[in-house]
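Listed here are the chains, written in short residue letters.
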Amino acid sequence: MSQEKVDAYKIEKKGRKARIAKHKRNVKIAKCVSLVLLLAVCSLVGWRVYAAKHPAADAAATEISEDVVPAAETVDGTEATSDNAEETTTEDTTTEDTTEDAAAEDTTDAN
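Everything numeric in this text was worked out from a predicted model, so none of it was measured. (Residues numbered from 1 in each chain as written. Predicted model: local features only at pLDDT ≥ 70, side-chain atom pairs only at ≥ 80, totals over all residues. Heavy atoms only, no water.)

Engineer: Describe helix 1 (residues 2-14), and please don't skip the residues or the numbers.
Structural biologist: With 13 residues, helix 1 should cover 18 Å at 1.5 Å per step; its first-to-last C-alpha distance of 18 Å lies within 8% of that length. When you tally the buried positions in helix 1, you get zero out of 13 residues, a small fraction of the element. (Helix = DSSP H or I, 4+ residues; strand = E, 2+ residues; numbered from the N terminus. Expected span 1.5 Å × (residues − 1). Buried < 20%, exposed > 50% of the residue type's maximum accessible area, 1.4 Å probe, protein only.)

Engineer: Help me get a handle on the packing of aromatic side chains, residues and values and all.
Structural biologist: In the structure shown here, the tally under the stated rule is one aromatic pair. Where Trp47 meets Tyr50, the ring centres are 6.0 Å apart and the plane angle is 35°; that geometry is what we call tilted. Separated by three residues within a single helix, Trp47 and Tyr50 lie in helix 2 (residues 16-53), roughly one turn from each other. For Tyr50, a relative accessible area of 43% puts it in the partly exposed group. (Phe/Tyr/Trp six-rings, centres within 6.5 Å; stacked < 30°, edge-to-face > 60°.)

Engineer: How would you summarise a nonpolar patch on the surface if you had to cite specific residues and measurements?
Structural biologist: Residues Ile29, Val33 and Leu37 make up a contiguous nonpolar surface patch of about 280 Å² in total accessible area. Within the secondary structure layout, Val33 lies in helix 2. For Val33, a relative accessible area of 46% gives the class partly exposed. (Patch = residues over 30% accessible without salt bridge, like charges linked within 9 Å, V, L, I, M, F, W, Y side chains within 5 Å. Areas by Shrake-Rupley, 256 points an atom, 1.4 Å probe, with all protein chains shown as cover. Salt bridge = Lys/Arg side-chain N within 4 Å of Asp/Glu carboxyl O.)

In structure tokens form, the structure reads like this:
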């Protein structure tokens with residue numbers, strides 16, 4: 001019986017370094033994965049708590065983005081609606097056309 005024990009010990013000792021190295025590698029990988037998951041969960045919980053404590057910051061950002069669209073103003077300081085914006089563009093093109101016509105007439109008169 002003692003010879004069987006000696007043979008089993010030799011076999012166990014033969015692959016001991018490889019088994020210990022594999023075990024240590026698996027432990028390190030498990031620790032790294034656990035740490036990453038723990039950080040992810042903690043940051044998610046922290047974000048949820050922050051969002052629950054500061055709802056005004058989220059609401060203010062939403063209100064600002066909604067106010068930007070209707071608050072467009074024209075050059076004279078009045079609020080521009082879709083009707084006013086069309087009129088302004090029409091007036092600008094009319095002014096440019098008359099300026100070009102006047103310039104054409106000036107060159108004709110000079111000849």
